[in-house]
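Topology and contacts: notes
Chain by chain, the residues:
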Amino acid sequence: IIAALGIFLFELYVFTSILTIVYWLAALLSGMVITFVSFVLFFWIYSFTIREIDPHNMKNHGIVNSILQLGFRFLNVKLVVTGKENIPPKGQPFVFVCNHQENYDIMAIKPVLKDHPLNFIAKKDAFDWILLGRWIKMLGNIPINRDADRDAAESIVKGIKLYKDGIPMAIFPEGKRTFSNEMTHFKPGAFKLATKPKADILVGTIYDFSKVFKWWPIKRHKIYLHFHPLLKYEDYQDMNTIELSQHVKAMIQKKLDEYKEIA
């Protein structure tokens, strides 16, 4: 609309002129800014109409998934998803575990699992983020203090209660971002989120997420997300949390090695 109005008012018909090119760039930028500001205002106003934390509210999850998808498109990446057939059907709770590279890992993961009211056990700082922090709380995500073992244990207990209430839960066993395709130590305690309620585990592997901002927005990167076959409780019930963490890490590492060969 801005661009069309400019052409009408200033008769900028010669598209080869420098003035026209500058105008179109300015119009495009202005349009993007206006759209973003309008969207943020709507998002902010709507958030204050909701006062109750409701992990089951799929409408709220749908809004957040749309927001995350929009933000992910802004990153100018191509997401290649494999193993979607391994995702449990709608209404079946599970625990999702995955390697962790960047803060925006969730931007890719949650919308792919849009049929589920997926909640994360996430770092405490995220709940203080402007605007987003309010939504993170409202969806029912659980903060975890990685520097306090007792607080971390309490977060796991809260996650177990949500799972028993039918809410799929997610956790990153590394406990922190790696900023690379290499993994750090998996914390066995994270797997109590699955072992205590005897939950099935959906294992995910992400690859090249750490390269998203390399040459952004000039270069478009291809990133990968894979869902492994569902690890049912019967498959791991004889393992302790240390053995389980090692087993899951080995699954993810195998897929990372495969990506290194093809990516």
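Per chain, the residues get numbers from 1 upward, laid out in the order the sequence is written. Reporting of local features is limited, given that this is a predicted model, to residues whose pLDDT is at least 70; pairs of side-chain atoms are given and counted only at 80 or more, and all residues count toward the totals for whole chains, interfaces and linings. Just so you know, side-chain values use all the structure's heavy atoms and leave hydrogens and water out.

1. Details of the pairing of strand β7 (residues 221-227)
To keep it simple, the criterion reads: Each residue is assigned to one of three classes by its accessible area relative to the maximum for its type, calculated with a 1.4 Å probe on protein chains only: buried under 20%, partly exposed between the two thresholds, exposed over 50%. For the purposes of this entry, the term helix denotes a DSSP run of H or I that reaches at least four residues, the term strand denotes a run of E that reaches at least two, and both are numbered from the N terminus. Only strands that DSSP links by at least two bridges are regarded as paired with each other.
With six of its seven residues buried, β7 lies for the most part within the structure. Here strand β1 (residues 77-82) runs beside β7; their pairing, made up of six bridges, is parallel. Residue V77 lies in a different strand from β7, and its bridge partner there is H221.

2. Details of the packing of aromatic side chains
Condition: Only Phe, Tyr and Trp rings are paired, with Trp represented by its six-membered ring, and only when their centres lie within 6.5 Å; those with planes under 30 degrees apart are stacked, over 60 edge-to-face, the remainder tilted.
Under the definition given, this model contains seven aromatic pairs. A centroid spacing of 4.9 Å and a plane angle of 35° characterise the contact between Y224 and Y259, whose relative ring orientation is tilted. Of the two residues, Y224 sits in strand β7 while Y259 sits in helix α9 (residues 241-262), which places them 35 residues apart along the sequence. On the accessibility criterion, Y224 (11% relative accessible area) is buried. The exposure class of Y259 is buried, given its relative accessible area of 3%.

3. Thoughts on the nonpolar core
The line we're drawing: Buried Ala, Val, Leu, Ile, Met, Phe, Trp, Tyr and Cys residues that are joined via side-chain atoms within 4.5 Å together make up what is termed a nonpolar core. Note on contacts: a residue pair qualifies if any of its non-hydrogen atoms lie within 4.5 Å across the two residues.
Formed by 33 residues in total, the largest nonpolar core has its most connected members in V97, I121, M169, L193, I201 and V248. Breaking this core down by element, the ones donating at least two residues are β2 (95-98), β4 (142-144), α6 (149-164), β5 (169-171), α7 (192-195), β6 (201-207), α8 (233-236) and α9. By residue number, the principal contributor to this core is α9, which donates six residues. In this structure L193 touches V95, I121, I156, G159, I160, M169 and I171, once residues within four positions along its chain are discounted. Counting 27 residues, the second largest nonpolar core, distinct from the first, contains V77, Y104, F209 and V212.

4. Observations regarding the environment of F213
Within the secondary structure, F213 is located in the loop between β6 and β7. Along the sequence, F213 and N76 sit 137 residues apart, while their C-alpha atoms lie 9.3 Å from each other. If we ignore the near neighbours within four places in the chain, the residues touching F213 are L75 and Y104.

5. Observations regarding the packing of helix α3 (residues 58-74) against helix α4 (residues 105-112)
Rules: Only C-alpha atoms enter the line fits that serve as axes; for helices the fit covers just the stretch in contact. Angles between N-to-C directions range over 0 to 180 degrees. Any angle from 65 to 115 degrees is called roughly perpendicular, while one under 35 is roughly parallel, one over 145 is roughly antiparallel, and all others are oblique. What makes a crossing left-handed is the near helix being turned counterclockwise from the far one by less than a right angle; a clockwise turn instead makes it right-handed. As a working rule, the residues Ala, Val, Leu, Ile, Met, Phe, Trp, Tyr, Cys and Pro are called nonpolar, Asp, Glu, Lys and Arg charged, and the rest polar, with Gly in that last group.
Interaxial distance between α3 and α4 falls to 9 Å at its minimum, and their mutual angle equals 130°. The angle between the axes of α3 and α4 places the two elements in the oblique class. Read as a crossing pair, α3 and α4 show a hand that is left-handed. Residues H61, V64, N65, L68, Q69, G71 and F72 of α3 form the contact with α4, whose participating residues are I106, M107, A108, K110 and P111. Across the contact of α3 with α4, the residue classes tally to seven nonpolar, four polar and one charged.

6. What to know about helix α5 (residues 132-139)
Every buried residue of α5 is listed here: G133, W135, I136, M138 and L139. Downstream of α5 by a residue or two, G140 has a phi angle that is positive, lying close to 105°.

7. Remarks on the pairing of β6
Looking along a regular strand, one sees the side chains alternate between the two faces of the sheet. Taking burial as the measure, the seven residues of β6 include seven buried ones, the bulk of the element. Of the two faces of β6, the one lined by I201, V203, T205 and Y207 and the one lined by L202, G204 and I206 are each fully buried. Summarising the sheet, β2 and β6 pair through four bridges and their orientation is parallel. The partner of C98 across the bridge, within β6, is G204. Pairing geometry for β6 and β7, over four bridges, is antiparallel.

8. Digging into α6
For the record, the criterion: For a helix, the expected span equals 1.5 Å multiplied by the number of residues minus one. The directions considered for the arc run from the helix axis to the C-beta atoms.
When the terminal C-alpha atoms of α6 are compared, their 23 Å separation across 16 residues agrees well with the 22 Å that a helix rising 1.5 Å per residue should span. Within α6, burial applies to A152, S155, I156, G159, I160, L162 and Y163. Buried residues along α6 cover an arc of 160° about the axis, so they all sit on one side. Turned more than 90 degrees away from the buried face of α6, the exposed residues are R150, K158, K161 and K164. Residues of α6 that are buried in the fold lie against β2, β3 (119-123), β4, β5 and α7.

9. Overview of the sheet that holds β7
Pairing within the open sheet is mixed, and its seven strands lie in the order β1-β7-β6-β2-β5-β3-β4. Two strands bound the open sheet, and with one partner strand each, they are β1 and β4. Adjacent strand axes in the sheet meet at a mean angle of 25°, parallel and antiparallel pairs treated alike. α4 contacts β1, β2, β3, β6 and β7 of the sheet and is inclined by roughly 50° relative to β7. Across the face of the sheet, α9 comes into contact with β1, β2, β6 and β7 while running at roughly 35° to β6.

10. Considering the confidence of the model for the protein chain
For clarity, the cut-off: pLDDT is a per-residue confidence score from the predictor, ranging from 0 to 100.
Looking at the protein chain, the pLDDT average stands at 84 and 79% of residues meet or exceed 70. Scored below 50 in pLDDT, residues 7-15 shows 14 contacts in the model against residues more than four places distant or in partner chains.

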